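Architecture and fold: a report
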Amino acid sequence: MVDYHAANNQNQQYSSGGSQMYMEQENDWDRDLLLDPAWEKQQRKTFTAWCNSHLRKAGTQIENIEEDFRDGLKLMLLLEVISGERLPKPERGKMRVHKINNVNKALDFIASKGVKLVSIGAEEIVDGNVKMTLGMIWTIILRFAIQDISVEETSAKEGLLLWCQRKTAPYKNVNVQNFHISWKDGLAFNALIHRHRPELIDYEKLRKDDPVTNLNNAFEVAEKYLDIPKMLDAEDIVNTARPDEKAIMTYVSSFYHAFSGAQKAETAANRICKVLAVNQENEHLMEDYEKLASDLLEWIRRTIPWLENRAPEKTMAEMQQKLEDFRDYRRVHKPPKVQEKCQLEINFNTLQTKLRLSNRPAFMPSEGRMVSDINSAWHNLEGAEKGYEEWLLNEIRRLERLDHLAEKFRQKATIHESWTAGKESMLTQKDYETASLSEVKALLKKHEAFESDLAAHQDRVEQIAAIAQELNELDYYDAPSVNARCQKICEQWDLLGSLTQSRRESLERTEKQLESIDGLYLEYAKRAAPFNNWMEGAMEDLQDMFIVHNIEEIQGLITAHEQFKSTLPEANKERESIQAIQAEVQKIARYNGIKLSGNNPYTSITPESIDSKWDKVQQLVPQRDKALQEELGRQQSNDHLRRQFANQANVIGPWIQNKMEEIGRISIEMNGTLEDQLTHLRQYEQSIIEYKPKIDQLEGDYQLIQEALIFDNKYTAYTMEHLRVGWEQLLTTIARTINEIENQILTRDAKGISQEQLHEYRASFNHFDKDHSGVLAAEEFKACLISLGYDVENDKQKRTGMMDSDDFRALLISTGNSLGDAEFARIMGIVDPNNSGAVTFQAFIDFMSRETTDTDTADQVIASFKILAGDKNYITAEELRRELPPDQAEYCIARMAPYSGPDAVPGALDYMSFSTALYGESDL
């Protein structure tokens, strides 16, 4: 059995690389899809028609492709027709073995043509295997109908596809990209026919949307006029989603072979056109060479004389322009010619190569236009160009040297002229005639510096002259102006030298004259400065504002002023000596004809300012005398006021102090009854009030002191503010003491306290009032209570009687200060409701009287109202008016709230709430 796939691989090796790849893909696809009924039908019809197109040349044909090739006879005949070769003699027997042998001969012939058949054996063909038979026919078609197709170095399927694309390219609606979908609308078949036989088909009348008509038209025309049998039905192609590629390729290959004759004619025409095109191109290149050579040689002929011109220019600008023209030639004009020369050589070489390749004789340019002639002319051009460039650069360097020297001459001349500008006027001025010695010395130093500068400029003048001489030697075109300027500089230099010497002599002479004057100026300055300072200090002292507070200070100022006046005669002598020095200076200046600058260089103090200040001092002295005497009188008056105030204050101050002490003794001693003490204190108060006129008189004196702005008084330690406070305290103390006695009387009468008890309370209070301030601190008050035998245990008080100090100390030790903190805090809340930390004697008495006597309470008042109400819980207004005085009855009615108890009647008043409110207690 012959291997169909092996045969195909051999066939692929025989064909080009593109055909091999295609055949591999086709074989793989064929094995997978050959059994598709639509494709099988198309292949049967196409392959049968193709075989008959060749078999009919031998006078036979086949009807059924899988049956008619079973005996191998028509298969061998088909191969002989399409190959043009003789195969081995077939066997004529009817047995199976004879058929197999015939088919094997056919398959061996196919294999001998380089086709390796894979999986195709004679038995399958003899047995009528459709798939194997169609595969075998397709292999024969590929080898003998498609494989030899070659278009522009492509063969087999790619070559056939390229041929179709090129032939159908000009036709609209035709885009051949494959051998299935691209042929389905029939326009590609019609385009192939129209391209080779346009008279057979009216292509413009075909419509893309009528594929059946298009396909039938192409198939009928091909069969009728091109001897291409109808291999497919239009309906089979249109009704198949993807027409069978092998069938289409087989059909299209018939068109290719049918038009192969026309292709040969086309190839011949192309060959002729190609030869003619080569000749035309060569002739064009020859003409271009001749023209380019002629133009280039003409340009070289015109350019060389320009490059050989060596006429020099006078100025650098003109030579720079020549250099710029040369650079323009190099940048603009020559590069295109270089390119033309290069292109000329390239064209010449290209032309010779093309002539040689096309078997044409070599090109010979006209005389004088050979490449060697052009190279020789170009060499001459570059030689001239090089010489011209060297000449330009040398000439530019020469002119550059001249321009450099000329510019150097101008720069140095300009610098020198700028330096000498104003020097003549400076050397001829007479500024030293009005200058001071220091200014003349400065001018002399400045002149010495100028002489040094002048000497330094000598080299520049010599350089200027040397450059001018070199410019003349080099024949500089503007030498006359250079010479004139150099001559002027030299003449001016000589003049400056003579003027410099003359000015030095004048400065030295003036310096000697001014040195003598300078000595006098210096002496004047040394003496005028301290004297001027003395006068300024004196004027400042004489005009200085003084503030004194007593006679001693003003007397000290007057003494100092008298001492100052005693120095004035000696100061006047010094002034006259200083003025004499200035007069001597003026005398010397007039004698020597010197114009003084006006001011002393060592001082700004002028003789006029000295005289002016001296006159001012003379005016200020009497003014100072007057001011000091006026101030002396004022201080004497102030001292009188101080004494007057002090005499009274020194009396009133002790008097107030004594009265304060007496009042304290009166309040402590408790001589007599409270009424006697009250009478005595009121008499004492009246005596104090009678002292008020003396206080008023002292106020008047104090007002005079204030108006005189007196702030101190060495005659007394009392101030008016202290005396006022003492007086007010005295009045307050006597009034408060009288009030305390009055309150004690009220307390005594209200509480029924005996005189002895009051004395006991006062003695105890005074005993613990250590600082005699009239009040007890908390601890002092506590000690006082204990000294009086007040003890608190379980909120009960016990009286133990009055104790002396020893008994008190023993009590404290034995009881451990048994007055508890809570109880004492309650007591302090009673005696010191404002929480001031101090207990007055009146508060002390109130507390002691409340603790030791029977007093009215809220309960007692409620019981009294209940009696008046007839034992009811309320009372009426009529009962109040009947039982109480009118004013007290109305007082109660106005303040009692209406009664709201269960037994209330109209007009009932609540006497219980009223009673508790009287004592500040909560409602019962």
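Residues numbered from 1 in each chain as written. Predicted model: local features only at pLDDT ≥ 70, side-chain atom pairs only at ≥ 80, totals over all residues. Heavy atoms only, no water.

This part is about the overall build of the protein. Looking only at helices and strands, one finds 35 helices and nine strands in the protein. Looking at the 924 residues of the protein, the share that counts as buried comes to 42%. Partitioning the intrachain contacts of the protein with sequence separation of at least 6 by distance along the chain shows that 73% fall at a separation of at least 24. When the accessible surface of the protein is summed, it comes to about 49600 Å², and 51% of that surface belongs to carbon and sulfur atoms. (Helix = DSSP H or I, 4+ residues; strand = E, 2+ residues; numbered from the N terminus. Buried < 20%, exposed > 50% of the residue type's maximum accessible area, 1.4 Å probe, protein only. Contact = heavy atoms within 4.5 Å. Areas by Shrake-Rupley, 256 points an atom, 1.4 Å probe, with all protein chains shown as cover.)

Here E290 lies in helix α14 (residues 260-307). At 3.2 Å, the side chain of E290 forms a polar contact with the side chain of R369. With residues up to four places along the chain from it excluded, the contact list for E290 reads F363, P365, S366 and R369. (Polar contact = N/O pair within 3.5 Å; in protein donor to acceptor, adjacent residues only side chain to side chain.)

Moving on, we get to the sheet that holds strand β7 (residues 875-876). The strand order across the open sheet built from three strands is β7-β9-β8, with neighbouring strands paired in antiparallel fashion. Bordering the open sheet on either side are β7 and β8 (897-898), each of which pairs with just one other strand. (Pairing = 2+ DSSP bridges.)

Once that is clear, we can look at the packing of helix α3 (residues 37-55) against helix α13 (residues 245-258). Between two packed helices, both the angle of their axes relative to each other and the distance between the axes serve to describe the pair. Closest axis-to-axis distance for the α3/α13 pair is 9 Å, and the angle between their directions is 25°. Accordingly, the angle class assigned to the pair α3 and α13 is roughly parallel. As for the relative orientation of α3 and α13, their crossing is left-handed in sense. Note on element contacts: α13 touches α3 through K246, A247, T250, Y251 and S254, opposite Q42, Q43, T46, F47 and W50. Taken together, the residues of the contact of α3 with α13 break down into four nonpolar, five polar and one charged. (Axes fitted to C-alpha atoms, helices over the stretch in contact; angles between N-to-C directions. Parallel < 35°, antiparallel > 145°, perpendicular 65-115°, else oblique. Left-handed = near helix turned anticlockwise from the far one by under 90°. Nonpolar A, V, L, I, M, F, W, Y, C, P; charged D, E, K, R; others polar.)

This brings us to the nonpolar core. Membership of the largest hydrophobic core comes to 77 residues, with the highest contact counts inside it found for I140, W183, F189, I193 and F255. The element best represented in this core is helix α8 (residues 130-146), accounting for 11 residues. Apart from residues lying up to four places away in sequence, W183 is in contact with C164, V176, N178, A188, F189, L192, L215, I237, I248 and V252. If you look at the next biggest cluster of nonpolar residues, it comprises 49 residues, including I688, L785, V839 and I845. (Core = buried A, V, L, I, M, F, W, Y, C linked by side-chain atoms within 4.5 Å.)

Once that is clear, we can look at helix α27 (residues 755-768). With 14 residues, α27 extends 20 Å between its outermost C-alpha atoms, agreeing within 8% with the 20 Å of an ideal straight helix rising 1.5 Å per residue. By the burial criterion, the buried members of α27 are Q755, L758, E760, Y761, R762, S764, F765, N766 and F768. (Expected span 1.5 Å × (residues − 1).)

Take the packing of α8 against α13 next. α13 packs onto α8 with a crossing angle of 25° between their chain directions and a minimal axis gap of 11 Å. Looking at the two axes, α8 sits roughly parallel to α13. For α8 against α13, the interelement crossing comes out left-handed. Here α8 contributes W138, I141, A145 and I146 to the contact with α13, which in turn contributes K246, M249, T250, S253 and H257. Of the residues that constitute the contact of α8 with α13, the class distribution is five nonpolar, three polar and one charged.

As a further point, take the state of the cysteines. What the rule picks out here adds up to zero disulfides. With no disulfide of its own, C486 has C490 as its nearest cysteine by sulfur position, at a separation of 4.3 Å. By relative accessible area, which is 28% here, C490 ends up partly exposed. (Disulfide = S-S within 2.5 Å.)

Further remarks concern the pattern of salt bridges. Tallied over the full model, the rule gives 50 salt bridges. One salt bridge in this structure joins K354 and E281, with 2.2 Å as the shortest N-O distance. Here K354, found in helix α15 (residues 316-357), pairs with E281, found in helix α14; they are 73 residues apart in sequence, far enough to count as distant. With a shortest N-O distance of 2.9 Å, E890 and R881 are connected by a salt bridge. Through salt bridges with shared partners, one network takes in K41, K45, D233 and D236. (Salt bridge = Lys/Arg side-chain N within 4 Å of Asp/Glu carboxyl O.)

Take the packing of aromatic side chains next. As enumerated under the stated definition, the model contains 34 aromatic pairs in all. When the centroid spacing of 5.4 Å and the interplanar angle of 45° are considered together, the rings of W306 and Y388 count as tilted. Here W306 is found in helix α14, whereas its partner Y388 is found in helix α16 (residues 371-420), with 82 residues between them in sequence. You can call W306 partly exposed: its relative accessible area is 33%. (Phe/Tyr/Trp six-rings, centres within 6.5 Å; stacked < 30°, edge-to-face > 60°.)

What follows is about the environment of T60. In this fold, T60 is placed in the loop between α3 and α4 (65-68). Between the alpha carbons of T60 and L78 there is a distance of 9.8 Å; along the sequence they are 18 residues apart. Apart from residues no more than four positions distant in its own chain, T60 is found in contact with L55, K74 and L77.

Our next topic: unusual backbone geometry. With glycine set apart, most residues show a phi of negative sign, and most peptide bonds adopt trans. At N173, a residue that is not glycine, the phi angle is positive and equals roughly 65°. Counting through the fold element by element, N173 comes out in the loop between α9 (156-168) and α10 (187-196). Taking relative accessible area as the criterion, N173 reaches 47% and is therefore assigned partly exposed.

When the UniProt feature table is mapped to this numbering, "coiled-coil region" (unreviewed entry) covers residues 440-474. Along residues 440-474 one finds 94% helix and 0% strand; the C-alpha atoms at either end are 50 Å apart. (UniProt positions renumbered as here; feature names shortened; annotations may be inferred.)

Interpretation of the predicted coordinates at a detailed level should be avoided for regions scoring low in pLDDT. For the protein, the mean per-residue pLDDT works out to 81, and 89% of the residues sit at or above 70. Here residues 1-34 scores under 50 on pLDDT; set against residues more than four positions off or in separate chains, the count is 104 contacts. Of the regions scoring below 50 in pLDDT, residues 792-818 engages in 41 contacts with residues more than four places distant in sequence or in other chains. (pLDDT = per-residue confidence, 0-100.)

Along helix α35 (residues 911-918), the residues that are buried comprise Y911, F914, S915 and T916. Residues of α35 that are buried in the fold lie against α32 (858-868), β7, α34 (886-895) and β9 (908-910). Where α35 begins, one side-chain oxygen reaches toward the backbone nitrogen of M912, 3.2 Å away; that side chain belongs to D910.

Following the sequence through the fold, S53 ends up in helix α3. When its relative accessible area of 13% is taken as the criterion, S53 is described as buried. When the C-alpha atoms of S53 and D227 are compared, they prove to be 8.6 Å apart, with 174 residues separating the residues in sequence.

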